[in-house]
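Working through the structure, step by step
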Amino acid sequence: MQTLTTSRFRYGKGIKLINDSGVEYLDGVSGTFNLSLGYNHPYVVEKVQEQVGNLSHMSSTFTEPYVNEVLGQLAEWAPNGINAGWMRDITGSTANECATKIAQKYTGSSDIISLFLSHHGQTQFATGISGNAFRRKKFPNTAAANSVHVPAPYCYRCPFHSSQPNCGFQCIEAISDHIEYASSGSVACIIIEPILGNGGNIVPPVGYFERLRKLCDEYNLILIADEVQTGIGRTGYMYASELFNIQPDIITLAKGLGGIGVPVAAVLMQSRLDVLEKHEHSFTSGSNLISVIAAKSTLEVVSEPGFLDEVKLKGEILSDLLGELAAKYKCIGEARGVGLMWGLEIVDSEGEPDVAKTNAIIERAFTDQHLILRGSRYGFGNVVKVRPSLTVTDDELVQIVEKLESVIHSVQYI
């Protein structure tokens, strides 16, 4: 488990945190991947402060005009005919629950298919449909009824011991087997992260999503793209669904939608799926005006001409820098990612996952280099994640990787 102790941080500036003593820490992971625009983006800060001064909360009944404006912005960028939405959540966990409720109500079916290593949230329900048993073992009520887990498209450690391009996409074939033999016979949906973030920054191979879409059509399943981590520009596209041609029926958003860390979430869908009544999924703080204005102003920044193109260019720089690092150090089995969402697979001399070294890298980065990183699977995984805010500069990308290399060099033989 990762155990980082800190002095008190007083304020944030750009991608930096500054502590009581004035020492600056470079945040290489955007907080918990929710600071898409850094700690204090001036435009978002101004709009949020203005809204707090005017009116911070009303019943969601009265905030509908504001919500509809944001949903309209989101729909302009959405793929596959997605043109409706729901915005009564402030976290990705409950947004994903909302999406599965929609699928269940629309189809009249019950089961939810998700992937090994997936992460869909922290509530009992979201933990139940996520693909990590260690998160459920102390809580007997978190095992979601009607949840079916299937192998992830983890090519670096293929569960079928196959390799691209001759694997036959056995990970897709396995889904059909699970529907046939492991489900209740009543499957409503498949929920999938375009990149399995907490599971190890796993990027599915080319062709995977096209086959997944075909399978969903064959079984009449709703395809839900959990874009809580990948959405709002993280991959250089507003939605990773566009980048990977996922063609989802529903998209869930949170984290980066709040820009500077303001909690907000949204569920986007094709209008045919707009089936929930307000009383079926609604929370006190959902649709609050602070969240709504944070989302609105964040979208205004991210949708500025050239902004996403800049993220793509920064992603290429980060790709090159981390690729050079992986070629240099044998303890890095693979550098993988897209845009500003990357991970380094840390391995031992036999190529096996090296969890201890992974956590040592993260801890030493913090203590020795004042660099903030995060690991996969809550410290139980072997991937170091690098995901700076979308506003990171080219120089800061170089600093992040230089600090990271210094740490890897110091721990490579432990």
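A brief report on the enclosed structure follows. Every chain is numbered on its own, with residues counted from 1 as its sequence reads. Given that the model is predicted, a residue must reach a pLDDT of at least 70 before its local features are reported, and side-chain atom pairs must reach 80 or more before they are shown or counted; all residues, however, enter totals for whole chains, interfaces and linings. Heavy atoms throughout the structure, all of them, feed into the side-chain values; hydrogens and water do not.

**Some details on the sheet that holds strand β12 (residues 341–346)**
Overall, antiparallel pairing links the 4 strands, which are arranged β11-β12-β15-β14 in an open sheet. Every interior strand has two partners, whereas the edge strands, β11 (332–338) and β14 (374–375), have only one. Pairing geometry for β12 and strand β15 (residues 383–386), over 4 bridges, is antiparallel. Bridging from a neighbouring strand, Trp342 pairs with Val386 of β15. Pairing between strands is defined by DSSP: at least two bridges between the two strands are required. Numbering of helices and strands starts at the N terminus; helices are DSSP runs of H or I of at least 4 residues and strands are runs of E of at least 2.

**Observations regarding the sheet that holds strand β3 (residues 24–27)**
The strands making up a sheet are joined through hydrogen bonds of the backbone, oriented either antiparallel or parallel. Strand order in the open sheet formed by 4 strands is β1-β2-β3-β13, and the pairing between neighbours is mixed. Strand pairing shows two members of the sheet lacking a second neighbour, β1 (9–13) and β13 (371–372), which therefore form its edges. Pairing geometry for strand β2 (residues 16–19) and β3, over 3 bridges, is antiparallel. Residue pairing across strands places Lys16 opposite Leu26, the latter belonging to β3. Any two residues having at least one pair of non-hydrogen atoms within 4.5 Å are treated as being in contact. Axis lines are fitted through C-alpha atoms, for helices just across the contact stretch, and the angle between N-to-C directions can take any value from 0 to 180 degrees. Helix α12 (residues 394–411) contacts β2, β3 and β13 of the sheet and is inclined by roughly 100° relative to β3.

**Things to note about the pairing of β12**
Partly exposed describes any residue whose relative accessible area lies between the buried limit of under 20% and the exposed limit of over 50%, with all areas from a 1.4 Å probe on protein chains only and scaled to the type maximum. Within β12, 6 of the 6 residues are buried, which leaves the element mostly enclosed by the surrounding structure. Of the strand pairs in this sheet, β11 and β12 are connected by 6 bridges, and their pairing is antiparallel. In the sheet register, Ala335 faces β12, and the bridge partner there is Leu344. Two successive antiparallel strands, β11 and β12, enclose a turn made up of 2 residues, where Gly339 displays a positive phi of approximately 60°.

**Topic: the environment of Thr230**
With respect to the element layout, Thr230 can be found in the loop between β8 (222–226) and α8 (240–243). By relative accessible area, which is 1% here, Thr230 ends up buried. Each C-alpha atom of the pair Thr230 and Ala295 lies 15 Å from the other, and the pair is 65 residues apart in sequence. Excluding residues that lie within four positions of it along the chain, Thr230 makes contacts with Pro194, Ile195, Thr235, Ala240 and Met341. Between N or O atoms, a polar contact is any pair within 3.5 Å; within protein, one atom must be a potential hydrogen donor and the other a potential acceptor, and residues adjacent in sequence are included only when both atoms are from side chains. A polar side-chain atom of Thr230 sits 2.8 Å from a polar atom in the side chain of Glu227.

**Quick look at helix α3 (residues 64–77)**
Between the first and last C-alpha of α3 there are 20 Å, a value that for 14 residues agrees with the 20 Å anticipated at 1.5 Å per step. Residues of α3 that are buried make contact with β4 (84–86), β9 (250–253), β10 (266–269) and α9 (289–302). For a helix, the expected span equals 1.5 Å multiplied by the number of residues minus one.

**A closer look at the pairing of strand β7 (residues 187–192)**
Moving residue by residue along a regular strand, the side chains alternate between the two faces of the sheet. Of all 6 residues that make up β7, 6 are buried, and the element is covered over most of its length. By the bridge criterion, 3 bridges tie strand β5 (residues 111–115) to β7 in an arrangement that is parallel. Looking at the pairing, Asp111 lines up with Val187 of β7. A crossover connection joins β7 to the parallel β8 through helix α7 (residues 208–219); in handedness this β-α-β unit is right-handed. A clockwise path from the first strand over the helix to the second, with the strands pointing away from the viewer, defines a right-handed crossover.

**Comments concerning the pattern of salt bridges**
Should the charged atoms of two oppositely charged side chains come close, the side chains can pair. Salt bridges are identified by distance alone: a Lys or Arg side-chain nitrogen within 4 Å of an Asp or Glu carboxyl oxygen. Scanning the model with the defined rule gives 16 salt bridges in all. Asp217 is the partner of Arg213 in a salt bridge, and the nearest nitrogen-oxygen pair spans 2.9 Å. One end of the pair, Arg213, and the other, Asp217, are both in helix α7, 4 residues apart, so they sit about a helical turn from each other. Under the relative-accessibility criterion, Asp217 is labelled partly exposed at 47%. Between Asp309 and Lys312 there is a salt bridge, with the nearest N and O atoms lying 3.8 Å from each other. Linking Asp309 with Lys312, this pair stays in helix α10 (residues 307–328), spanning 3 residues, or about one helical turn. The class for Asp309 is partly exposed, based on a relative accessible area of 46%. Within the structure, one salt-bridge network assembled from shared partners comprises Arg157, Glu334, Arg336 and Glu345.

**Structural notes on the side chain of Gln369**
Mapped onto the secondary structure, Gln369 falls in helix α11 (residues 355–369). Separated by 3.2 Å, the side chains of Gln369 and Ser406 make a polar contact. Setting aside anything within four residues of it in sequence, one finds Gln369 in contact with Arg364, Lys403, Ser406 and Val407.

**Here's the deal with helix α2 (residues 42–54)**
Its 13 residues give α2 an end-to-end C-alpha distance of 18 Å, which sits within 8% of 18 Å, the value for a rise of 1.5 Å per residue. When α2 is considered as a whole, its buried residues turn out to be Val44, Val48 and Gln51. Buried residues along α2 cover an arc of 60° about the axis, so they all sit on one side. Exposed residues pointing more than 90 degrees away from the buried face of α2 are listed as Pro42, Gln49, Gly53 and Asn54. Looking at the buried residues of α2, the elements they touch are α9. Taking the helix axis as origin, the arc is that swept by the directions to the C-beta atoms.

**Observations concerning the environment of Met58**
Note on placement: Met58 falls in the loop between α2 and α3. Along the primary structure Met58 and Ile18 are separated by 40 residues, whereas in three dimensions their C-alpha atoms are 35 Å apart. If near-sequence neighbours (up to four positions away) are discounted, Met58 is found in contact with Thr63, Tyr66 and Leu289.

**Brief notes about the packing of aromatic side chains**
Pairing of aromatic rings covers Phe, Tyr and Trp, the last counted by its six-membered ring, and requires centre-to-centre distances within 6.5 Å; plane angles under 30 degrees mean stacked, over 60 mean edge-to-face, and any other angle means tilted. The tally for this structure, following the rule as stated, stands at 5 aromatic pairs. Between Phe134 and Phe380, the aromatic rings sit 4.6 Å apart at their centres with planes inclined by 45°, giving tilted as the arrangement. In this pair, Phe134 is assigned in the loop between α5 (124–129) and β6 (147–150) and Phe380 in the loop between β14 and β15, connecting sequence segments 246 residues apart. We classify Phe134 as partly exposed; its relative accessible area is 22%. Ring geometry for Phe209 and Phe244: centres 5.8 Å apart, planes at 35°, overall tilted. Of this pair, Phe209 sits in helix α7 while Phe244 sits in the loop between α8 and β9, placing them 35 residues apart in sequence.

Without other data, these values stay purely geometric and don't point to any function.
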